[in-house]
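Structural description and commentary
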Amino acid sequence: MPARARSFSPFLAVSGDVLIVADRPTYAYEPRHRSRPRRPGRFSPYRRLFATPGARAFTAGNLLARLPMGMFSVSAVMMIAGSRGSYALAGAVTATGLAVTALVAPWTARLVDRHGQARVAVPATAVAVLGSLALLLCVRYGAPDWTLFAAYAATATTPNTGGMSRARWAHLHRGDPAAQHTANSFEQAADELCFMLGPVAAAFLCTALFPEAGTLTGAILLMTGVLIFAAQRATEPPVAPRTATARSPLRLPGMPALLAVFLATGGVFGSMEVVTLAFADGLGHGAAAGPVLALQAAGSCVAGLLYGSARPAARPHRRLLVCVAAMTLLMSVPLLAASTGSLAAVAGALLLAGAATAPTMVTGMTLLQRMLPRVQLNEGMTLAVTAILGGIAAGAATGGWLAEHTHPAAGYAAPVAAAAVALLLCLRTRPQGTTKAPPS
């Protein structure tokens with residue numbers, strides 16, 4: 001029966017010479033098919049997240065600045081190898097830049113924490129862009145090889161744009177674990193999207209236009225994006241003075257073990273990429289390796305967005321353990337698929353395996369943020385990124401050795417082993433480290 005609203009109207013009657021007046025209830029019936037309250041959709045947390053004033057503006061600038069992160073290495077390799085005819089030189093230059101970044105990035109992040117994002121990110125980005133342009137000119141005009149190393153090393157001052165964005169979300173939604181969980185999931189999905197589209201864009205620009213086009217476009221996008229991001233001062237976290245007794249993030253309880261988990265997880269990424277390239281090349285389908293790897297990033301991107309609509313973990317350490325265990329299990333699927341000798345089977349397996357990496361990274365970042373004092377967020381998250389980069393380098397070397405000295409399919413044992421190491425290390429992270437450190 002449809003719901004009805006009760007009201008009253010007078011009832012008149014005559015009995016003999018007496019007039020009777022009484023209240024008579026009447027009912028106004030609502031339509032039978034009235035609209036029901038809409039249930040919150042799966043992506044409602046993201047709508048609420050971006051309803052925050054200023055969130056869309058700083059996110060747009062950050063995504064613009066983050067896309068070149070997936071372009072620079074590929075662009076540098078194609079530019080140097082095309083000009084000098086040496087992939088060994090190109091690889092050595094990019095490896096040197098990665099090593100210098102691992103040393104410089106935490107110091108840049110510390111300056112960001114102490115002096116503010118806008119004051120540090122803009123000049124640091126300007127130095128990095130000048131380094132990219134110097135590399136371009138050195139390659140273009142045939143400068144000595146040592147100038148390539150020096151120019152690319154200058155790009156190490158590039159700020160951790162993803163870390164700065166996560167720090168803004170943590171500031172805007174402090175005290176709201178659900179919103180922070182959604183924000184971390186979105187940022188991880190954005191990372192996957194940028195590293196999926198970046199290499200494709202770089203390869204297209206370098207081949208369709210001219211060899212230096214990828215580096216030039218990346219430098220322009222990076223500088224423009226950081227300027228837009230830094231201009232959003234209303235959402236920038238305030239700079240809190242650090243005390244003289246503030247400890248390095250490396251000395252926080254549980255921090256070294258968690259960074260070791262990130263290091264091993266980076267090994268999964270690095271080994272999977274090199275082994276897939278070798279496997280596809282061994283089958284005579286080297287050109288298809290890029291799209292196949294993009295499937296892994298796509299699976300991780302979708303999983304990250306779906307994971308962000310789930311409830312945040314009450315015990316991040318326990319959930320991290322579950323996520324790493326799932327990652328270890330799913331990383332065995334490409335190994336089994338490779339034994340069939342089918343690239344299509346490996347592509348499907350990578351799509352499935354990628355679904356485990358985003359939840360692992362999101363939960364790890366959530367745990368990391370709870371360990372860190374508010375004034376050390378950028379430094380701590382940059383240390384995590386540095387650990388991941390180190391793991392990628394080690395994983396790439398290990399996976400490449402296995403693919404070259406054994407059957408290419410056997411190289412897929414490297415991601416499984418790296419994930420298993422991450423699981424063992426995860427068991428050593430201390431649950432008490434999840435307690436929020438005081439805002440020193």
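Before reading further, recall that the structure is shown in the block above.
Residues numbered from 1 in each chain as written. Predicted model: local features only at pLDDT ≥ 70, side-chain atom pairs only at ≥ 80, totals over all residues. Heavy atoms only, no water.

1. Regarding the pattern of salt bridges
- Within the structure shown, the criterion is met by three salt bridges.
- Here E212 and R140 are joined by a salt bridge, their closest N and O atoms 3.3 Å apart. Here E212 is found in the loop between α8 (177–208) and α9 (213–231), whereas its partner R140 is found in helix α5 (residues 117–140), with 72 residues between them in sequence. (Salt bridge = Lys/Arg side-chain N within 4 Å of Asp/Glu carboxyl O. Helix = DSSP H or I, 4+ residues; strand = E, 2+ residues; numbered from the N terminus.)

2. A word on the side chain of T276
- The residue T276 is located in helix α10 (residues 255–282) in this model.
- What makes T276 buried here is its relative accessible area of 0%. (Buried < 20%, exposed > 50% of the residue type's maximum accessible area, 1.4 Å probe, protein only.)

3. Comments concerning the environment of A387
- Turning to its location among the elements, A387 is positioned in helix α15 (residues 377–405).
- The spacing of A387 and A260 is 127 residues in sequence and 7.3 Å in space, taken between C-alpha atoms.
- Ignoring any residue separated from it by four or fewer positions in sequence, one finds A387 in contact with L259, F262 and L263. (Contact = heavy atoms within 4.5 Å.)

4. Digging into the environment of R428
- By the secondary structure assignment, R428 is in the segment after α16 (413–426).
- By relative accessible area, R428 is classed as exposed at 64%.
- Here the alpha-carbon distance between R428 and A257, two residues 171 residues apart in the chain, equals 6.4 Å.

5. Comments concerning the nonpolar core
- F262, M331 and L368 are the most contacted members of the largest nonpolar core, which totals 47 residues.
- Taken together, the elements giving at least two residues each to this core come down to α7 (161–172), α10, α12 (316–330), α13 (332–338), α14 (343–371), α15 and α16.
- Counting residues per element, this core draws most heavily on α14, at twelve residues.
- Not counting residues up to four positions away in its chain, the partners in contact with L368 are M255, L258, G380, M381 and A384. (Core = buried A, V, L, I, M, F, W, Y, C linked by side-chain atoms within 4.5 Å.)

6. Overview of a nonpolar patch on the surface
- Taken together, L130, L133, L209, F210, L216 and I220 make up a surface patch of nonpolar side chains, about 540 Å² in accessible area.
- If you list the elements that add at least two residues to the nonpolar patch, you get α5 and α9.
- Looking at the element boundaries, L130 is found in helix α5. (Patch = residues over 30% accessible without salt bridge, like charges linked within 9 Å, V, L, I, M, F, W, Y side chains within 5 Å. Areas by Shrake-Rupley, 256 points an atom, 1.4 Å probe, with all protein chains shown as cover.)

7. Some points on the packing of helix α3 (residues 72–84) against α8
- Close contact between α3 and α8 brings their axes to 8 Å; oriented N to C, the two are set at 25°. Between α3 and α8, the angle falls in the class roughly parallel. As α3 runs across α8, the sense of the crossing is right-handed. Contact with α3, carried on its side by V74, S75 and M78, involves P199, A202, A203, C206 and T207 of α8 and no other residues of that element. (Axes fitted to C-alpha atoms, helices over the stretch in contact; angles between N-to-C directions. Parallel < 35°, antiparallel > 145°, perpendicular 65-115°, else oblique. Left-handed = near helix turned anticlockwise from the far one by under 90°.)

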